[in-house]
Amino acid sequence: MTSTPSETRPFRVADLGTVAVLAWSGEAPDGSDMPYLLAYSLGDAAGGARATSAAVEALLENNGLPVGGDLVDGTARPGLPVTLLVESGTAVLNLAPLNAQCAVPDEWLAAVGERGYAYLVFTTRPWPGGEPGKPVEAAALKEFAGSDETLTAAAHVVLPARSLRG
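All values derive from a computational prediction rather than experimental measurement. (Residues numbered from 1 in each chain as written. Predicted model: local features only at pLDDT ≥ 70, side-chain atom pairs only at ≥ 80, totals over all residues. Heavy atoms only, no water.)

## Structural notes on the environment of Ser 32
Convention followed: Here a strand is any run of E in DSSP of at least two residues, a helix any run of H or I of at least four, and the numbering for each starts at the N terminus. Note on contacts: a residue pair is in contact if any heavy atoms of the two residues lie within 4.5 Å. In protein, a polar contact requires one atom able to donate a hydrogen and another able to accept it; more generally it is a pair of N or O atoms within 3.5 Å, and residues adjacent in sequence count only if both atoms are side-chain atoms.
Here Ser 32 lies in the loop between β1 (19-27) and β2 (33-41). Considered as a pair, Ser 32 and Val 157 are 125 residues apart in the sequence and their alpha carbons are 19 Å apart. Beyond its immediate stretch of four places on either side in the chain, Ser 32 contacts Gly 26, Glu 27, Glu 114 and Arg 115. A distance of 2.8 Å separates a polar atom in the side chain of Ser 32 from a polar atom in the side chain of Arg 115.

What follows is the structure, encoded as structure tokens:
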């Protein structure tokens, strides 16, 4: 009898490719604005989009975030190893070993200030069109972030917003 050994590859940050985060706010079912964060990779790691997707999924699972699973309520899980720091017009997302940040619009800051948290969608689906530092058209964001393919390939998390001021 022969068997094929299974190879367990260590997680490498480089396998994620370029990770980007976008912030926007929109009306929630309760009628007030919800601050959203979308995190994704461009799929530009050496192994291509498939390897990038696998690396993002491993990153999320290593941090207790199920892909395609239930909403994780970080406000009820103080030990969750995923944090959101909001300071000086910037949102900083921390998932060991990744730190990603983005500038946030004033309306997002107002919404996160009112709610005390943001809704994170971190998808394993690469988005080569969402390049960091380049403006994203509202229609393109809606098409990508709102697609079933993006949403079912993502971890969904409510993250408490922390600041350096307390």
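## Structural notes on the nonpolar core
The criterion, for reference: Here, the term nonpolar core denotes a set of buried Ala, Val, Leu, Ile, Met, Phe, Trp, Tyr and Cys residues that are joined through side-chain atoms within 4.5 Å. Buried, partly exposed and exposed residues are distinguished by accessible area as a fraction of the type maximum, computed with a 1.4 Å probe on protein chains only: under 20%, between the cut-offs, and over 50%, respectively.
Leu 37, Leu 65, Leu 93, Trp 108 and Phe 122 are the most contacted members of the largest nonpolar core, which has 31 residues in total. The element best represented in this core is helix α1 (residues 48-62), accounting for four residues. Beyond its immediate stretch of four places on either side in the chain, Leu 93 contacts Val 21, Ala 39, Val 82, Thr 83, Leu 98, Asn 99, Ala 100, Leu 120, Phe 122 and Leu 159. Core analysis: the second largest hydrophobic core is formed by 15 residues, Ala 28, Met 34, Leu 42 and Val 121 among them.

## Looking at the pairing of strand β4 (residues 82-87)
Quick note on the threshold: A pair of strands is considered paired only if DSSP assigns at least 2 bridges between the two.
Pairing of β4 with strand β5 (residues 90-95), which is carried by six bridges, proceeds in the antiparallel orientation. The residue bridging Leu 85 from the neighbouring strand is Val 92, located in β5. Hairpin geometry of β4 and β5 is characterised by an intervening segment of two residues between the two adjacent antiparallel strands and by a positive phi of about 50° at Ser 88. Here β4 runs beside strand β8 (residues 154-162); their pairing, made up of two bridges, is parallel. Its bridge partner being in β8, Leu 84 is matched across the sheet by Ala 161.

## Remarks on helix α3 (residues 138-145)
Short version of the rule: Picture the helix axis, draw a direction to every C-beta atom, and the arc is the one those directions span.
Considered for burial, the residues of α3 that qualify are Leu 141, Phe 144 and Ala 145. Down the axis of α3, the buried side of the element spans an arc of 85°, and every buried residue falls inside it. Exposed residues pointing more than 90 degrees away from the buried face of α3 are listed as Ala 139, Lys 142 and Glu 143. Where α3 is buried, its residues contact β1, β2, β7 (117-123) and α4 (148-152).

## A short note on the side chain of Thr 52
Position of Thr 52 relative to the elements: it lies in helix α1. Discounting residues that sit within four places of it in the chain, Thr 52 has contacts with Asp 15, Leu 16, Ser 41, Gly 43, Asp 44 and Ala 45.

## Remarks on helix α2 (residues 106-115)
Because each turn of an α-helix spans 3.6 residues, side chains separated by three or four positions end up pointing in the same direction. Three or more residues of α2 are buried, namely Trp 108, Ala 111, Val 112 and Arg 115. Down the axis of α2, the buried side of the element spans an arc of 95°, and every buried residue falls inside it. Counted as exposed and oriented over 90 degrees from the buried face of α2: Asp 106, Ala 110, Gly 113 and Glu 114. Contact partners of the buried residues in α2: β1, β2, β4, β5, β7 and β8. Just past α2, the residue Gly 116 takes up positive phi, approximately 85°.

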